[in-house]
Amino acid sequence: MSAAPILITGGAQRLGRHCAERLVDDGHPVIVSYRRERPELEALRRRGIVTLRADFATEAGILDFIARLKGETRSLRAIVHNASDWAPDSRDEQAGATFERLFRVHMLAPYLINLHCRELLEACGEPQRDIVHMTDYVAQKGSKKHAAYAATKAGLENLTLSFAAMYAPEIQVNAIAPALIMLGEDDDEAYAEQARAKSAMAMVPGPGVIYQSLRYLLDNRYVTGITLPVDGGRHLR
Ligand SMILES: NC(=O)C1=CN([C@@H]2O[C@H](COP(=O)(O)OP(=O)(O)OC[C@H]3O[C@@H](n4cnc5c(N)ncnc54)[C@H](OP(=O)(O)O)[C@@H]3O)[C@@H](O)[C@H]2O)C=CC1
Ligand SMILES: Nc1nc2c(c(=O)[nH]1)N=C([C@H](O)[C@@H](O)CO)CN2
């Protein structure tokens, strides 16, 4: 019987793509969700990664993805909720719509996928099954410019506790809380220098440190209900 796949939402680029490719390197079948079709997806498909389109900005979009996921596989080894919209707060009439969209992407999608896909994880024949929520250091600190983003990531962090308690011992549920792992395409050196100065380690490590953290959770049978900080010691500054 072939191994059950690992689902990474938002796996078309950056941290999610890096983890998807490393999981394939480690012998796991992988399914990724993506929102926008683009040429880079072909490279993932050539590696045998199944790509499913998903827009989590609406409940209908979330439920439509779940239905198509269940048409694709009957079991899952793990679910990594990586999809995220790092939108700054809107100061105009869009403020409410922005908050609601980030609530759906960061909280409602993981909540509904966890509820509706529990049966896929339980159908996995391997001894360990995992759910991993990608949160953010700012869930604990807040953010002056990304308050809606930080609040909805804090909500996702809290969902980690509830689902860990609900799903133990069959399924382990944990979170990874990164800070400044990768810069954005438009970030200049001045921004990079300012961002590096925010942590004790004063570096921009790249996505490898996230895969190391995900690997630790996937390989540890005794860890559940935790949030693993991967933030260079932001709390020390
Ligand atoms: N990068 C960093 O330094 C940090 C990252 N994190 C967290 O780590 C995770 C990965 O970060 P990173 O790789 O930078 O993430 P990205 O900003 O690259 O977003 C990941 C994916 O989320 C998808 N996405 C966005 N909105 C939606 C939506 N409405 N429906 C479905 N998918 C959507 C995008 O899909 P598409 O491209 O197809 O539109 C995108 O590819 C995120 O959860 C992030 O919050 C936390 C702290 C620091
Ligand atoms: N979905 C995303 N979330 C976050 C991103 C990103 O690019 N996409 N980037 C950050 C920053 O690196 C921030 O940590 C810098 O202080 C945070 N979240």
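Keep in mind it's a predicted model, so treat the numbers as computed, not measured. (Residues numbered from 1 in each chain as written. Chains lettered and ligands numbered in written order. Predicted model: local features only at pLDDT ≥ 70, side-chain atom pairs only at ≥ 80, totals over all residues. Heavy atoms only, no water.)

Mind showing me how you'd approach the pairing of strand β2 (residues 30-34) here?
Remark: a regular strand shows side chains that alternate across the two faces of the sheet. Counting buried positions along β2 gives five out of five residues, so the element sits mostly inside the fold. Neither face of β2 is open: one carries Val30, Val32 and Tyr34, the other Ile31 and Ser33, and all of them are buried. Here strand β1 (residues 6-8) pairs with β2 via three bridges, running parallel. Along β2, the bridge assignment pairs isoleucine 6 with valine 30. In the classification by handedness, the crossover that spans β1, the intervening helix α1 (residues 14-25) and the parallel β2 is right-handed. Two elements, β2 and strand β3 (residues 50-53), share four bridges in a ladder whose sense is parallel. Residue pairing across strands places isoleucine 31 opposite valine 50, the latter belonging to β3. Chirality of the crossover, the property in question, places the unit of β2, helix α2 (residues 40-46) and β3 among those that are right-handed. (Buried < 20%, exposed > 50% of the residue type's maximum accessible area, 1.4 Å probe, protein only. Helix = DSSP H or I, 4+ residues; strand = E, 2+ residues; numbered from the N terminus. Pairing = 2+ DSSP bridges. Right-handed = clockwise from strand over helix to strand, strands pointing away.)

What should I look at first to understand the nonpolar core in this one?
Soluble globular proteins tend to pack their nonpolar side chains together in the buried interior. Residues Phe56, Ile62, Phe65, Leu69, Leu76, Ile79 and Ile113 are the most contacted members of the largest nonpolar core, which totals 29 residues. Here this core takes six residues from helix α4 (residues 95-116), the largest share from any one element. Excluding residues that lie within four positions of it along the chain, isoleucine 62 makes contacts with Asp55, Phe56, Arg104, Leu108, Ala109, Leu112 and Ile113. Counting residues in hydrophobic clusters, the runner-up holds 28 residues, among them Ala12, Leu15, Val32 and Leu44. (Core = buried A, V, L, I, M, F, W, Y, C linked by side-chain atoms within 4.5 Å. Contact = heavy atoms within 4.5 Å.)

Mind showing me how you'd approach the site of ligand 1 here?
Around ligand 1, 25 residues are found, and the nearest of them are Gln13, Arg35, Arg36, Arg38 and Ile181. A distance of 3.0 Å separates an oxygen atom of ligand 1 from a polar atom in the backbone of leucine 15. Taking arginine 35, its main chain carries an N or O atom lying 2.8 Å from an oxygen atom of ligand 1. The protein chains hide 92% of the 890 Å² of surface that ligand 1 would expose on its own. Among the secondary structure elements, those contributing two or more residues to the shell around ligand 1 are α1 and α7 (147-167). Its residues placed into classes, the shell around ligand 1 shows 13 nonpolar, five polar and seven charged. (Near = heavy atom within 4 Å. Polar contact = N/O pair within 3.5 Å; in protein donor to acceptor, adjacent residues only side chain to side chain. Areas by Shrake-Rupley, 256 points an atom, 1.4 Å probe, with all protein chains shown as cover. Nonpolar A, V, L, I, M, F, W, Y, C, P; charged D, E, K, R; others polar.)

Can you help me understand the environment of glutamine 194 in this one?
Residue position: glutamine 194 is located in helix α8 (residues 189-196). For glutamine 194, a relative accessible area of 49% corresponds to the partly exposed category. Counting along the chain gives 15 residues from glutamine 194 to alanine 179, while the straight-line C-alpha distance between them is 13 Å.

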